[in-house]
Amino acid sequence: MTIRELLERSPLPEGTEGLLEPGALPPGEAERVLALALARAGLPPVEKKEEGTMKKRNMALLLMAGVLCAGAVVASAAAWFQMDKGLARELGAKGDQVQGVGGTSIQTSRESEGWTLTVNQAVGDRNCAYLLLDLTAPEGTVLDADYYRLDMCLLEFQKKHSGSWSWSTPLEDPDKTDNKISFLVDMKMDGDLRGAKGTLKASGLKVVWFDPEEKGNDREECLSQLEWELPFWLDYQDEMTTYRPRTTLQVERGFIKGDVTVEQVEVGPLSMLIRLSGDEHILRRVDFATGGTPAIGAVLLEIKDQAGEAIPVWATSSGEKDCVATFLPLIDPQQVSALVLDGVEIPLK
């Protein structure tokens, strides 16, 4: 990645734009900036020459200092990330939970017939991610309907990812008198989402007015066949707590019976990843379910907190050798104490 790409993907903290003034640097300022950068990098100062061009060594030092400064900008951007209040409310994140979630500011926008769609920010971990979309209508338009939805939303990744996503979930609109609304896109994929690059394609905006007197008699209207295509980069880091219980239990599915071992469990505020090993014929047939009576052949999964109470699981997805459980609202990973699979309790220590 080049220095320019680093800077393009790393917005400066709020309030610093006033420090950036057009025009050349005052006399001697370039030398002072370079000297400070070299000092921060632990490098010796550049010897001042009265005449002549800059030596290759000095140019290399300047480039190195630039790389270090760019790295500092990236670190600063990560430290300055603040989850949108509406997104935090939608995910049920409170207090310190917001700080424990990996996130990145994206801020890519595209316009279609005067309507601007922006991929505002993303939060996520290895297993799942959420994109916050902001839609701004042309000036003078008031978005005060009961419900809005995008007719189509498609995610395409540079590297192949299979899985699922849902879209067009509108966030609670705090101001029904302006021209802005927000949507949430949530995704659960089978590959590592950290650092994933992709494109979001959306089209068609529909508006719904609910009938307060007769349920089911709602009025729906397609505002316009708008189309957007926006790149996004899930440039965040997660913090997962890892356990290695290595507990084996016997699983029977139809005429097939065998042992399955829970090798590793990774827990974060957004999701839990359960890694399995065992007979491949069994693993290919194992699906996980939570709550109530599971479907025939499914393994009943329960997650307990420190008090022994069940932690609500929003959704589960199963691969050949793992299971992902996602949480909504977010959880405190330190409160997770055990798994229960088919009635067998597995402590997480």
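Just so it is clear, the model here is predicted, and its values are computed rather than measured.

Observations concerning the overall build of the protein chain
Next up, step 1: Across its full length, the protein chain carries six helices and 18 strands.
Next up, step 2: In the protein chain, which comprises 349 residues, the proportion classed as buried is 40%.
Next up, step 3: Taking the intrachain contacts of the protein chain between residues at least 6 apart in sequence as the baseline, contacts between residues at least 24 apart amount to 63%.
Next up, step 4: Summed over all atoms, the accessible surface of the protein chain reaches about 20,300 Å², with 50% contributed by carbon and sulfur.

Re the nonpolar core
Next up, step 1: With 34 residues, the main nonpolar core has Leu131, Leu200 and Leu234 as its most contacted residues.
Next up, step 2: For this core, the secondary structure elements donating two or more residues are β2 (115-124), β3 (128-136), β4 (147-157), β6 (180-189), β7 (197-209) and β8 (219-233).
Next up, step 3: Residues in contact with Leu234, not counting those within four places in the same chain, are Thr104, Ala122, Ala129, Leu131, Met187, Leu193, Arg194, Gly195 and Ala196.
Next up, step 4: Counting residues in each nonpolar core, the second largest holds 28 residues, with Val251, Leu283, Val286 and Val336 among its members.

Description of the pattern of salt bridges
Next up, step 1: Under the criterion given, the structure shown has 14 salt bridges.
Next up, step 2: The salt bridge involving Arg126 is made with Glu266; its shortest N-O contact spans 2.9 Å. Placement of the pair is Arg126 in the loop between β2 and β3 and Glu266 in strand β11 (residues 256-267), with a sequence separation of 140 residues.
Next up, step 3: A salt bridge links Arg275 to Glu266; its shortest N-O distance comes to 3.6 Å.
Next up, step 4: By relative accessible area, Arg275 is classed as partly exposed at 30%.
Next up, step 5: Using a relative accessible area of 6% as the deciding quantity, one classes Glu266 as buried.

Quick word on unusual backbone geometry
Next up, step 1: Cis rather than trans, the peptide bond between Leu328 and Pro329 has omega equal to 10 degrees.
Next up, step 2: Among the structural elements, Pro329 can be located in the loop between β16 (322-326) and β17 (336-341).
Next up, step 3: Backbone geometry at Arg246 places phi at a positive 50 degrees, although glycine is not the residue there.
Next up, step 4: Structurally, the position occupied by Arg246 is in the loop between β9 (241-243) and β10 (247-253).
Next up, step 5: Of the residues examined, Arg246 reaches a relative accessible area of 53% and is grouped as exposed.
Next up, step 6: Here the phi dihedral of Asp342 falls at roughly 50 degrees; this positive angle occurs in a residue that is not glycine.

Brief notes about the sheet that holds β7
The strands that make up a sheet are held in pairs by hydrogen bonds between backbone atoms, and each pair lies either parallel or antiparallel.
Next up, step 1: One open sheet accounts for three strands, arranged β4-β7-β8; its pairing is antiparallel. If you trace the sheet from one side to the other, it starts and ends with β4 and β8, each paired once. Strand-to-strand twist across the sheet, computed as the mean angle between neighbouring axes with direction ignored, equals 15 degrees.
Next up, step 2: For β4 and β7, the ladder comprises 10 bridges, and the chain directions are antiparallel. Bridge pairing links Tyr148 to Val207 in β7.

Digging into the sheet that holds strand β18 (residues 344-347)
Next up, step 1: If you trace the four strands from one edge of the open sheet to the other, you get β13-β14-β17-β18, paired in mixed fashion. A single partner strand is all that each edge strand has here, and the edge strands are β13 (287-289) and β18. On average, each strand axis in the sheet is inclined to that of its neighbour by 30 degrees, with strand direction left out of account.
Next up, step 2: With three bridges joining them, β13 and strand β14 (residues 298-305) adopt parallel strand pairing. When the bridges of β14 are listed, Ala289 appears paired with Leu300.

Brief notes about the pairing of β14
Next up, step 1: Taking burial as the measure, the eight residues of β14 include six buried ones, the bulk of the element.
Next up, step 2: When β14 meets β17, the two strands line up antiparallel, connected through five bridges. Looking at the pairing, Ile303 lines up with Leu339 of β17.

Things to note about the side chain of Thr104
Next up, step 1: When you line up the elements, Thr104 lands in strand β1 (residues 102-112).
Next up, step 2: The exposure class assigned to Thr104 is buried, which follows from its relative accessible area of 9%.
Next up, step 3: A distance of 3.4 Å separates the side chain of Thr104 from the backbone oxygen of Asp235, its partner in a polar contact.
Next up, step 4: Apart from residues lying up to four places away in sequence, Thr104 is in contact with Phe81, Gln121, Ala122, Trp233, Leu234, Asp235 and Tyr236.

Comments concerning the packing of aromatic side chains
Next up, step 1: Counted according to the given criterion, the structure contains two aromatic pairs.
Next up, step 2: With a centroid separation of 6.4 Å and 40 degrees between ring planes, the pair formed by Tyr147 and Phe210 is classed as tilted. Of the two residues, Tyr147 is situated in strand β4 and Phe210 in the loop between β7 and β8; the sequence distance between them amounts to 63 residues.
Next up, step 3: Judged by its relative accessible area of 44%, Phe210 falls in the partly exposed class.
Next up, step 4: For the pair Phe157 and Phe232, a centre-to-centre distance of 5.9 Å together with 85 degrees between the ring planes defines the contact as edge-to-face. On the criterion of sequence distance, the pair formed by Phe157 in strand β4 and Phe232 in strand β8 is long-range, its members being 75 residues apart. Exposure class is identical for Phe157 and Phe232. Each is buried.
Next up, step 5: The ring of Trp233 carries Lys197 above its face, with NZ or CZ at 5.1 Å from the centroid.

Basis of the calculations
Residues numbered from 1 in each chain as written. Predicted model: local features only at pLDDT ≥ 70, side-chain atom pairs only at ≥ 80, totals over all residues. Heavy atoms only, no water. Helix = DSSP H or I, 4+ residues; strand = E, 2+ residues; numbered from the N terminus. Buried < 20%, exposed > 50% of the residue type's maximum accessible area, 1.4 Å probe, protein only. Contact = heavy atoms within 4.5 Å. Areas by Shrake-Rupley, 256 points an atom, 1.4 Å probe, with all protein chains shown as cover. Core = buried A, V, L, I, M, F, W, Y, C linked by side-chain atoms within 4.5 Å. Salt bridge = Lys/Arg side-chain N within 4 Å of Asp/Glu carboxyl O. Pairing = 2+ DSSP bridges. Axes fitted to C-alpha atoms, helices over the stretch in contact; angles between N-to-C directions. Polar contact = N/O pair within 3.5 Å; in protein donor to acceptor, adjacent residues only side chain to side chain. Phe/Tyr/Trp six-rings, centres within 6.5 Å; stacked < 30°, edge-to-face > 60°. Lys NZ or Arg CZ within 6 Å of the ring centre and 35° of its normal.

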